[in-house]
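# Observations on chain architecture
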Amino acid sequence: MRYRVNVKDEIEQLIRESLQSAIRDGKLPDAELPFVKVEYPKDERFGDYATPIAMESARVLRKSPLEIGAILQEYVGKAPLVERVEVVKPGFINLFVSFDSLANNLSRVLAEGDGYGRTTRATPFRVNIEFVSANPTGPLNIVSARAAALGDSIANLYEATGATVDREFYVNDYGNQVTLLGRSVLCRYRELAGEAVAFPEDGYHGEYVKDIARHVREQHAAEVESLPDDEARIAYMAEKAVAYNVAGQREDLARFNVRFARWFSEKTLHESGAVERTSELLGARGVLREEEGKKLFVATAYGDEKDRVVVRDDGRPTYLLADIAYHRDKLERGYDRIIDVWGPDHHGYIARLAGAMTALGAPAGRFSILIAQQVNLIMEGEIVKMSKRLGQFSTMRELIDEIGVDVARYFFVMRSLESHLDFDLALAKRESSENPVFYLQYAHARICSIFREAEKRGVAYTPGAVDREPLQNREAVALLKLIARFPEEIVDAATQCEPHRIANYLLRFAQQYHRFYTEHRVISDDPVTTNTYLALCDAVRIVMRNGLRLLGVTAPERM
RNA sequence: GCGCCAGUAGCUCAGUCGGAUAGAGCAACAGCCUUCUAAGCUGUGGGUCACAGGUUCGAUUCCUGUCUGGCGCGCCA
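Residues numbered from 1 in each chain as written. Chains lettered and ligands numbered in written order. Predicted model: local features only at pLDDT ≥ 70, side-chain atom pairs only at ≥ 80, totals over all residues. Heavy atoms only, no water.

Put simply, helix α9 (residues 230-255) and helix α14 (residues 396-403) touch, their axes get as near as 10 Å, and they point 30 degrees apart. What the angle tells us is that α9 and α14 run roughly parallel. Between α9 and α14 the crossing geometry is left-handed. When α9 is examined against α14, the residues Gly248, Glu251, Asp252, Leu253 and Arg255 are found in contact with a partner set consisting of Met396, Arg397, Ile400 and Asp401. A breakdown of the residues in the contact of α9 with α14 according to their chemical character gives three nonpolar, one polar and five charged. (Axes fitted to C-alpha atoms, helices over the stretch in contact; angles between N-to-C directions. Helix = DSSP H or I, 4+ residues; strand = E, 2+ residues; numbered from the N terminus. Parallel < 35°, antiparallel > 145°, perpendicular 65-115°, else oblique. Left-handed = near helix turned anticlockwise from the far one by under 90°. Contact = heavy atoms within 4.5 Å. Nonpolar A, V, L, I, M, F, W, Y, C, P; charged D, E, K, R; others polar.)

Pasting the structure below:
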């Protein structure tokens, strides 16, 4: 096993071993068995975990699903983890987890604290995740904000499965757009000096361009004048502008609790010769062809619509070649998994880059590209256009100012990434029950309040002294089950790159806690029950805090 | 024209490699605070899973086609 066992893995293993034992004992014929699926039944009457293995293996074992189930029942039922096993109608095997194992897990949560939910790995696992990677030509927008929330949460999830994760931002500080940015700044610079200049038609019009020009004029005017010609000045302005924009992006992201291990400059790939070497390597691998003095990557061999130019007839490399060089660099750094998070406007680009990775020898499954779909901002029922000129919520910074980091981060990960996200600003701004973020945080704050009250009343709390009897009720058991599931949810969410699962899980969890709170009084005259319920609340608080932290959301002690 | 994503309750969305009577939040309606936070809880109503075929013990899920919405189809980055 890659992961230290959680309940789900343990059950899967138990069923696999039971099948093997039954075969060894001659109760089942020896055969090639399908993968053992373990799932959460929709209805709690069907148990805590269920497997359709008896139905799926019926054909190959040449017995009816019910017969197979009856045989497995004997073996599976012996495990202490399992309270009882039922074999029902079409052939499902339903397992009920024992109360003892759930209660034991409570002590584990209290002992592990902040570490609960994390799994450890027998072997090291390294992940590289590249996200946001917005052009350094202006401030970050809302799409970048979604990518930032998603990428960082996925990174957090992987770290919680014991992986080492590098968060990376690719800075496109090379090429036409950067030159154009430099020209735009130079124009504004001249305007400040009172010169009348024609602003480039396709230039960058944002206010920030003027800010940069002003900054350069105040700090570096002498240097600018000493440059030989305008070409050199444009390059100079471009460099200053990129540095300014990247610094601004870095600041916004830090405020969003997202920190990158590395800001990888595209320019360095060109300067070091890595781009050229990549072209040679592709040629040596036989995946380039020449046409009219150009070099094309044979992307059609990897499912793309057409072959793609990587070197122009004047010898200049295209963006694609630099991107391949960049990803080759990531491959050579030896990661077990390389993940890119892209915006919706780049899906047409997937085939060629993924194809290039395959051509470079990346094993299947090592490299994956996630597309975060579009974000619509909704204001009073209307879609707010995210034009940079229109709409007051065009930048990430403005969004954070408006609704706060916690709400923004939660909203961006609460839906699956491939669904188009309707971001209701009015709802996000409302500090009420309609806003799910507050619902989760409220559960945490409520528990903190109970502990404050307990301290005020001088009630002693001993985490080690948990009595089982007070936990034998519907609400407490439901909470214990969800607490036990937390580590599994993390593993699933990480490997599938689906942080929204955690958001959904925490919502169910908070709901279950609020139910418990309504039904049971934590601080009472009975010291044993009080201590046990304090321990349960403590565990809920730990799971809630750890879960929110994975999503980059804070767990307030008061609200 | 081709490609990618989506279409599930009034709204926003979950639904695990194909499983059991399709779920949640919000909105609507009816209740629950002398006691640890009512930003909470309980209950009710609400569905042709876009449509038509196919695959099989079983399809919201997989395949084919049609319709609708979004996006993309540069030797820009």
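Size it by volume and the second largest pocket reaches roughly 990 Å³. Elements with a contribution of two residues or more to the lining of the second largest pocket: β2 (82-88), β3 (92-97), α5 (99-112), α18 (474-495) and α19 (500-519). No other element matches α18, which puts eight residues into the lining of the second largest pocket. Tallied by class, residues from the lining of the second largest pocket come to 12 nonpolar, five polar and 12 charged. (1 Å grid on protein atoms, 1.4 Å probe; cavity = no way out; pocket = protein on both sides within 12 Å on 5 of 7 lines; lining within 4 Å. Points joined across faces, edges and corners; volume = space filled by probe spheres on them.)

For the rest of this paragraph, the subject is the state of the cysteines. Under the criterion given, the structure shown has zero disulfides. Free cysteine: Cys448, not disulfide-bonded; nearest cysteine sulfur from Cys537 at 10 Å. The class of Cys448 is buried, set by a relative accessible area of 4%. (Disulfide = S-S within 2.5 Å. Buried < 20%, exposed > 50% of the residue type's maximum accessible area, 1.4 Å probe, protein only.)

To continue, consider the protein's contact with RNA strand B. What surrounds RNA strand B is a group of 69 residues, the closest being Phe35, Phe92, Lys294, Arg446 and Ser449. Backbone atoms, meaning sugar and phosphate, form 62% of the atoms of RNA strand B found within 4 Å of the protein. Arg45 places a polar side-chain atom, nitrogen or oxygen, 2.4 Å from a base oxygen of RNA strand B. The separation between a phosphate oxygen of RNA strand B and a polar side-chain atom of His500 is 3.2 Å. Where the surface near RNA strand B is concerned, the elements lending two or more residues are α2 (53-56), β3, α7 (176-192), β14 (421-424), α17 (436-456) and α19. Looking at which element gives the most residues to the surface near RNA strand B, the answer is α17, with nine residues. (Near = heavy atom within 4 Å. Polar contact = N/O pair within 3.5 Å; in protein donor to acceptor, adjacent residues only side chain to side chain.)

In this section: the nonpolar core. The biggest cluster of nonpolar side chains holds 151 residues, and the ones touching the most others in it are Val132, Leu253, Phe256, Phe412 and Phe423. Excluding anything up to four places from it in sequence, Phe256 contacts Ala145, Ala148, Ala149, Met396, Ile400, Val405, Ala408, Arg409 and Phe412. Listed in part, the 33 residues of the second largest apolar core include Tyr170, Leu321, Tyr335 and Leu360. (Core = buried A, V, L, I, M, F, W, Y, C linked by side-chain atoms within 4.5 Å.)

So, on to the packing of aromatic side chains. In this structure the tally under the stated criterion is 19 aromatic pairs. Taking 5.7 Å as the distance between ring centres and 15 degrees as the angle between the ring planes, the aromatic pair formed by Phe297 and Tyr302 counts as stacked. Measuring from centroid to centroid gives 6.1 Å for Tyr513 and Phe516, while their planes differ by 35 degrees, and the two rings are tilted. Within this pair, Tyr513 and its partner Phe516 are both found in helix α19, separated by three residues, close to a single helical turn. Accessibility classification places Tyr513 together with Phe516 in one group, the buried group. Chaining the aromatic ring pairs together yields one cluster made of Tyr116, Phe486, Tyr505 and Phe509. The positively charged end of Arg45 is found above the aromatic ring belonging to Phe46, 5.5 Å away from the centroid. For Arg126, the ring lying beneath its charged end belongs to Tyr335, and the centroid distance is 4.5 Å. (Phe/Tyr/Trp six-rings, centres within 6.5 Å; stacked < 30°, edge-to-face > 60°. Lys NZ or Arg CZ within 6 Å of the ring centre and 35° of its normal.)

Our focus in this paragraph is the packing of helix α11 (residues 274-284) against helix α12 (residues 319-332). Between two packed helices, what matters for the description is the angle formed by their axes and the separation of those axes. The contact between α11 and α12 brings their axes to 9 Å, and the two run at 90 degrees. Taken as axis vectors, α11 and α12 run roughly perpendicular relative to one another. On the side of α11, the interface is formed by Ala274, Val275, Arg277, Thr278, Ser279, Leu281 and Leu282, while α12 contributes Leu321, Ala322, Ile324, Ala325 and Arg328. Residue composition of the contact of α11 with α12, by class: eight nonpolar, two polar and two charged.

Taken together, the side chains of Asp467, Glu469, Asp525 and Asp526 define an acidic patch exposed on the protein surface. Tracing the chain through its elements places Glu469 in the loop between α17 and α18. We classify Glu469 as exposed; its relative accessible area is 59%. (Patch = residues over 30% accessible without salt bridge, like charges linked within 9 Å, V, L, I, M, F, W, Y side chains within 5 Å. Areas by Shrake-Rupley, 256 points an atom, 1.4 Å probe, with all protein chains shown as cover. Salt bridge = Lys/Arg side-chain N within 4 Å of Asp/Glu carboxyl O. Lys, Arg positive; Asp, Glu negative; His and termini not counted. Charge placed at Lys NZ, Arg CZ, Asp CG, Glu CD.)

Glancing now at the side chain of Asp492. Of note, Asp492 is situated in helix α18. If we ignore the near neighbours within four places in the chain, the residues touching Asp492 are Lys8 and Arg501.

What follows covers the pairing of strand β5 (residues 164-171). With six of eight residues buried, β5 is to be regarded as a mostly interior element. Relative to β5, strand β4 (residues 126-130) runs parallel, the two sharing five bridges. Each bridged residue has a counterpart across the sheet, and for Val127 the counterpart in β5 is Val165. Between β4 and its parallel partner β5, the chain crosses via helix α6 (residues 142-160), and the hand of that crossover is right-handed. (Pairing = 2+ DSSP bridges. Right-handed = clockwise from strand over helix to strand, strands pointing away.)

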